[in-house]
Amino acid sequence: MSQRIQFARTGGSEVLELVDVTPAEPGQGEVRVANKAVGLNFIDIYFRTGLYPAPSMPSGLGTEGAGVVDAVGEGVTHIQVGDRVAYAQGPLGAYSELHTLPAAKVVKLPDFVDFETAAASMLKGLTVQYLLRQTYELQGGETILFHAAAGGVGSIACQWAKSLGVKLIGTVSSQEKADLAMANGAWATINYSEENVVDRVRELTNGDMCDVVYDSVGKDTWEMSLDCLKPRGLMVSFGNASGPVDGVNIGILNQKGALYVTRPSLNGYADTRERLEKMCEEFFAMIESGKVKIDIANRYPLAEAGKAQDALQSRKTTGSTILLP
Ligand SMILES: NC(=O)c1ccc[n+]([C@@H]2O[C@H](COP(=O)([O-])OP(=O)(O)OC[C@H]3O[C@@H](n4cnc5c(N)ncnc54)[C@H](OP(=O)(O)O)[C@@H]3O)[C@@H](O)[C@H]2O)c1
């Protein structure tokens, strides 16, 4: 038997329960990982609350973890029993001692990346990789607005943008978070719970506004984010921390300056093993060089996953949170 967190109905963190299960044997093309550390991400809350529907119920939760391969199914050639590995994509069920998933979603960890760092950063780091290097290929010299700059994804984005020579203006909800974003390399911060973001962006950029806005807050910031863009700028809407953006009239993009908009996801970029490995190579190199350091600010036992989610959802966390099986 092994333990996992599951939920049989959607709702608050009280729906999460720790249960004993018989771990699935890996089938064709699958591997089973004995997790040493599990990543906590906002997407886990979207599944728990039902914003994103789980494929079946009761459902496991979590898509990110790191550990040692303890069983390999038929047809798997690039991963062996005993390999140190990490993963950041579905199926749901990473909140567990043993997780079985497609081998194509699993990468070997280089020696310089420990399990906790991998679990704390793989999903968030690969997200920053595609956001800054693929969705818009930043060259250096651009000015960008990045919401929730002291969070898990935001902390990595501040450091990566700095290393590219990009001026990242980070939004945050407190002075403590502003200090953290600045320490991570943000060029400026705006407290969006107190300041007028559009006015501050205008001031900071001498009226030029931003080349790209990265918005994971969603509902609360959508329209203000569009107002922070230059003509023909790119709006990257990549999350729903405050609720999903809906009911958009496409004409608003014309009214606000012939803007571009995209709604990307990690699965949309790391959609083949080759692409996943290429993105990992670049992300791991950022860790190895020291240009990106992973701040594991919060650790919880696996059994306290609900408590960890409550802290993330109520904006109490900074950096990354991991769960320890
Ligand atoms: N599309 C993708 O591929 C992808 C991949 C990874 C993550 N994401 C998205 O990126 C975002 C960050 O993920 P994360 O796991 O690193 O979380 P996080 O940034 O550590 O936590 C979310 C942060 O969002 C801010 N926020 C603003 N309004 C909020 C609200 N109403 N409720 C809760 N938080 C609010 C808070 O920062 P302040 O207190 O400073 O406002 C909070 O700390 C999430 O929206 C997530 O869904 C998307």
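Residues numbered from 1 in each chain as written. Predicted model: local features only at pLDDT ≥ 70, side-chain atom pairs only at ≥ 80, totals over all residues.

1. Observations concerning the overall build of the protein chain
We apply this condition: Secondary structure follows DSSP: runs of H or I at least 4 residues long count as helices, runs of E at least 2 residues long count as strands, and numbering of each begins at the N terminus. Here the globule rule reads 2.2 Å times residues to the power 0.38, and the radius of gyration is calculated from C-alpha atoms. Three exposure classes are used, based on other C-beta atoms lying within 10 Å of a residue's own C-beta, which is placed from the backbone: buried for 20 or more, exposed for 12 or fewer, and partly exposed in between.
Per the secondary structure count, the protein chain includes 10 helices and 16 strands. Its C-alpha radius of gyration of 20 Å places the protein chain within 12% of the 20 Å reference for a compact globule of 325 residues. Along the longest, intermediate and shortest principal axes, the C-alpha atoms of the protein chain span 60 × 40 × 35 Å. For the protein chain, the residues scored as buried account for 46% of the 325 residues in total.

2. Some points on the domain arrangement of the protein chain
Interface extent is often summarised as the accessible area lost during association of the parts. For clarity, the threshold we go by: For the domain bounds, the source is a domain assignment made automatically or taken from a database. Any two residues are considered in contact once their C-beta atoms, placed from the backbone, lie within 7 Å. Lys, Arg, Asp and Glu make up the charged group, whereas Ala, Val, Leu, Ile, Met, Phe, Trp, Tyr, Cys and Pro make up the nonpolar group; the residues left over, Gly among them, are polar.
Under the domain assignment, the protein chain is made up of domain 1 (2-121 + 294-324) and domain 2 (140-263). Each of domain 1 and domain 2 has a C-alpha centre, and these two points are 29 Å apart. Taken residue by residue, the interface counts 9 residues in domain 1 and 12 residues in domain 2. Residue classes in the side of domain 1 that touches domain 2 are distributed as 3 nonpolar, 4 polar and 2 charged.

3. Observations regarding the packing of helix α1 (residues 42-49) against helix α10 (residues 305-313)
We count it as follows: Helix axes use the C-alpha atoms of the stretch in contact, all axes being lines fitted to C-alpha atoms, and the angles between their N-to-C directions lie in the range 0 to 180 degrees. By the definition adopted for this analysis, an angle is roughly parallel if under 35 degrees, roughly antiparallel if over 145, roughly perpendicular if from 65 to 115, and oblique otherwise.
One can describe the packing of α1 onto α10 by two numbers: an axis separation of 10 Å at closest approach and a directional angle of 105°. Compared by their axis directions, α1 and α10 come out roughly perpendicular. Two secondary-structure elements touch here, α1 through Phe 42, Asp 44, Ile 45 and Arg 48 and α10 through Gln 309, Leu 312 and Gln 313. Of the residues assigned to the contact of α1 with α10, the class counts are 3 nonpolar, 2 polar and 2 charged.

4. Quick look at the site of the ligand
Stated formally: Each residue receives a C-beta atom placed from its backbone. It is near a molecule or strand if this atom lies within 6 Å of it.
Neighbouring residues of the ligand: 30 residues in total, closest Gly 151, Gly 152, Ser 173, Ser 216 and Gly 239. A class-by-class count of the residues in the shell around the ligand yields 13 nonpolar, 13 polar and 4 charged.

5. With respect to the sheet that holds strand β1 (residues 2-7)
By way of backbone hydrogen bonds, the strands of a sheet pair with one another, either parallel or antiparallel. Formally: Strands are treated as partners if at least two bridges between them are detected by DSSP.
Pairing is antiparallel across the open sheet formed by 3 strands, whose spatial order is β2-β1-β4. At either margin of the open sheet sits one strand with a lone partner, and together these are β2 (17-21) and β4 (59-60). Sheet topology note: the β1/β4 ladder contains 2 bridges and is antiparallel. Considered in β4, the bridge of Gln 6 is made with Gly 60.

6. Quick look at the sheet that holds strand β12 (residues 210-215)
Read from one edge to the other, the open sheet built from 6 strands follows the order β11-β10-β9-β12-β13-β14, with strand pairing classed as parallel. Every other strand in the sheet has two partners, leaving β11 (188-191) and β14 (260-262) as the edge strands with one partner each. In this sheet, adjacent strand axes meet at a mean angle of 15° when their direction is disregarded. Here β12 pairs with strand β13 (residues 229-237) via 5 bridges, running parallel. Among the inter-strand pairings, Val 213 is bridged to a residue of β13, identified as Met 235. Packing against the sheet, helix α3 (residues 152-164) makes contact with β9 (143-146) and β10 (167-172), and its axis sits at approximately 160° to β10.

7. Details of the pairing of strand β3 (residues 30-39)
Of all 10 residues in β3, 9 are buried; the element is thus mostly enclosed. In this structure, β3 lies alongside strand β7 (residues 98-102), joined through 5 bridges in antiparallel fashion. Its bridge partner lying in β7, Val 33 is registered against His 99. Note: β3 against strand β5 (residues 65-72), 7 bridges, orientation antiparallel.

8. Comments concerning the UniProt feature "domain: Enoyl reductase (ER)" (unreviewed entry) in the protein chain
As a reminder, the rule being used: UniProt positions are given in the numbering used here, feature names are shortened, and annotations may be inferred rather than shown by experiment.
Under the feature "domain: Enoyl reductase (ER)" (unreviewed entry), the UniProt entry names residues 11-323. The span residues 11-323 is 32% helical and 25% strand by assignment, and the distance between its end C-alpha atoms comes to 20 Å.

9. Observations regarding the nonpolar core
Threshold: Core membership is restricted to buried Ala, Val, Leu, Ile, Met, Phe, Trp, Tyr and Cys residues, and these are joined into a nonpolar core through C-beta atoms within 7 Å.
If you look at the biggest cluster of nonpolar residues, it comprises 90 residues, and the most contacted ones within it are Leu 126 and Ala 157. Viewed by domain, this core spans two of them, domain 1 (2-121 + 294-324) and domain 2 (140-263), each represented by three or more residues. What Ala 157 contacts, discounting residues up to four positions off in sequence, is Val 128, Leu 132, Phe 146 and Leu 168.

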